[in-house]
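# Reading the structure
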Amino acid sequence: MNLPRPRPVPRDGERFDLAIVGGGATGLGLALEAAQRGLDVVLFESQDFGSGTSSRSTKLLHGGVRYLAQGQLSLVREALHERSAVIGIAPHLAQPLRFVMPAYAWWQKAFYGAGLMLYDLMAAAHGLGPTRWLGPEATAQALPGVRKIGLRGGIQYWDGQFDDARLALTLARTAEQASAQVRNHTAVRNIFWTGRSQAVIEVQDALSNDTFQVQARCVVNAAGVWVDALRSPQDSHPHPHKLVQPSQGVHLVVDRSFLGGEQALLVPRTRDGRVLFAVPWLGKLVLGTTDTPRDDVPREPEAFEEERQFILKEASAVLARPVREQDVLSQWVGLRPLVAAADHQGSATRSLSREHTILQDSDGLVTVVGGKWTTYRAMAVDVLSHCMQHGLLPQRDQGLRLSPLLGAPADTSACQPLHAAPGLHLYGELAGQVLSCPGAERRLGMGLTEAMVRYAVRAEYACTVEDVLARRWRALFLDAREAARMAPQVAKILHDEGIQEPRLHAFEALCRQYLPPALRSAAV
Ligand code: FAD
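In this text the structure is predicted, and so the values were computed from the model without any measurement.

### Focus: the overall build of the protein
What the protein contains, in helices and strands, is 14 helices and 20 strands. Over its C-alpha trace the protein gives a radius of gyration of 22 Å, about what one expects of a compact globule, namely 24 Å for 524 residues. Viewed in the frame of its principal axes, the protein has a C-alpha envelope of about 70 × 55 × 45 Å. A burial count over the protein gives 60% of its 524 residues as buried. For the protein, long-range pairs separated by at least 24 residues make up 73% of all intrachain contacts whose partners lie at least 6 apart in sequence. For the protein, the exposed area adds up to about 19600 Å²; of that, 52% sits on carbon and sulfur atoms. Averaging the locations of the 55 positively and 53 negatively charged side chains of the protein gives two centres separated by 5 Å.

Printed below as a string of structure tokens:
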């Protein structure tokens, strides 16, 4: 297979209806919805698609059980609808997943069971399966690694699970198919307004350092926790400090055998009142997460020691086999772009809004922030409606559609579960294209082949070792030491595909950061 390298270069000065800053769930979802409505769209992502928060989520498509407890019913209902919609349009990357909440006291079964029954009722036709009370034996069968002493039973319910970075990539490719221009490794440096509905956007290719300009009648800032850097200072009112109050979330990845089985575990209330998940994903077990406010927005935030200890301690409390620091295969950290309340100073980020906010500055820049992965489509449609109502974009149909994403198999019975180890099945209908690249038989580790690396360059916008091993393939997130071992081979293939500087050393340094400090020295 000899596909053209998909790095379309907009012509210097080219004019678009809509320019989008940021290639995470929010920006990519918007690009797709806008392009499908016949608008001329360009999207710029300063690093790689999904490389911000959108590759660092818990990978759940969920209505938000904990938002139910906060009484945010409309938010939960919308998310439950979107949960099943995303599963429907990308069944190879998003699937239903059974959760079990183990109960160690009788009241927990009644209390949480009632809440989850309501969750189920609210899903109505979009339900993924019934909520059930389980006895102690059935609970232990569903969660073989759970602590059995004192186990009174459990509640089984359904939510969704997905591969966030591959879904982001798939949104980019589907948007491009619908004629949007999407560019990774291209940063927006400046936005100048030459009149109402006339913006000049100055961008820089991060790989070549070349700069160029495009024009757009509407610009949407979907830069996640980085939105504030693009807004002009005079537009900060009524948010005198910042629009975003970042909240850090850490995940630890360990061997699947700590939990066993195919179902996920939810602890609704840890000893200090937090939530903990243990989710089988791509052959490993993901433990998390935390919710720690921070004031800065680094690209690669470090996990705080307290966060790592919290996850290890609480996982060990509910699992029969204690999880130790040396069991950690990878740790990743993401920043939630929570919308700051004007008086947020000192308040816990958990009480800030998870719903999205759309804000239009006096110069015309539209900023969208907040929400969650699960509701990216609803956010996109809200932004389009806003822009159309304010005359920034021509009128188009504003309803949500259910068009399958690129690669979605028509026959879902062939889909492999997402808790299984990664493999060719993650490409869905496009697996044949991958197999036609050279090196389909040459295995590099963790299910990755030489052909997949070549395909990542030729068809999936990969430009660096990190693009391949962190997001096209989730090696870095699943086992950082193994990812470091595979990196030199991947760099060689990228070089062979014409990439002069695949950034091998930067990736090796990143692999160290994805391990707890005590394990770093022996890592790479
Ligand atoms: P991002 O993904 O951060 O995208 C913004 C992009 O803008 C970045 O890629 C950045 O590089 C780019 N950018 C910044 N500045 C510029 C510039 N000048 N030029 C060009 N590009 C620029 N949601 C769920 O539904 N389910 C979950 O299980 C879940 N779990 C989560 C767990 C954690 C720990 C966290 C932190 C979040 C979780 N979320 C979850 C929420 C969800 O991940 C986020 O709401 C979503 O990913 C935000 O997407 P975004 O596009 O707004 O931001």
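### Describing the side chain of Asp 205
As for its placement among the helices and strands, Asp 205 is situated in strand 9 (residues 198-205). A polar atom in the side chain of Asp 205 sits 2.9 Å from the side chain of Arg 183. Within polar-contact distance, the side chain of Asp 205 engages the backbone nitrogen of Ser 208 at 3.2 Å.

### Description of the packing of helix 3 (residues 73-89) against helix 4 (residues 106-123)
Two elements in contact, helix 3 and helix 4, have axes whose closest approach is 9 Å; the angle formed by their N-to-C orientations is 60°. In this structure, the crossing between helix 3 and helix 4 has a hand that is right-handed. Contacts between helix 3 and helix 4 involve Leu 73, Val 76, Arg 77, Leu 80 and Arg 83 from the first element and Tyr 119, Met 122 and Ala 123 from the second. Grouping the constituent residues of the contact of helix 3 with helix 4 by class yields 6 nonpolar, no polar and 2 charged.

### A few points about the packing of aromatic side chains
Under the definition given, this model contains 15 aromatic pairs. Pairing Trp 332 with Phe 477 gives two aromatic rings, centres 5.1 Å apart and planes at 55°, and the pair type is tilted. Of this pair, Trp 332 sits in strand 16 (residues 330-339) while Phe 477 is found in helix 12 (residues 475-478), placing the two residues 145 residues apart along the sequence. Taken as a pair, Trp 332 and Phe 477 share a single burial class, namely buried. Taken together, the aromatic side chains of Phe 99, Tyr 119, Tyr 157 and Phe 277 make up a single cluster linked through ring pairs. When the ring centre of Tyr 427 is taken as origin, the NZ or CZ atom of Arg 166, which lies over that ring, is 4.5 Å away. A cation over a ring is seen here: Arg 299 above Trp 226, with NZ or CZ 4.4 Å from the ring centre.

Calculation criteria
- Residues numbered from 1 in each chain as written.
- Predicted model: local features only at pLDDT ≥ 70, side-chain atom pairs only at ≥ 80, totals over all residues.
- Heavy atoms only, no water.
- Helix = DSSP H or I, 4+ residues; strand = E, 2+ residues; numbered from the N terminus.
- Rg over C-alpha atoms; globule rule 2.2 N^0.38 Å.
- Buried < 20%, exposed > 50% of the residue type's maximum accessible area, 1.4 Å probe, protein only.
- Contact = heavy atoms within 4.5 Å.
- Areas by Shrake-Rupley, 256 points an atom, 1.4 Å probe, with all protein chains shown as cover.
- Lys, Arg positive; Asp, Glu negative; His and termini not counted.
- Charge placed at Lys NZ, Arg CZ, Asp CG, Glu CD.
- Polar contact = N/O pair within 3.5 Å; in protein donor to acceptor, adjacent residues only side chain to side chain.
- Axes fitted to C-alpha atoms, helices over the stretch in contact; angles between N-to-C directions.
- Left-handed = near helix turned anticlockwise from the far one by under 90°.
- Nonpolar A, V, L, I, M, F, W, Y, C, P; charged D, E, K, R; others polar.
- Phe/Tyr/Trp six-rings, centres within 6.5 Å; stacked < 30°, edge-to-face > 60°.
- Lys NZ or Arg CZ within 6 Å of the ring centre and 35° of its normal.

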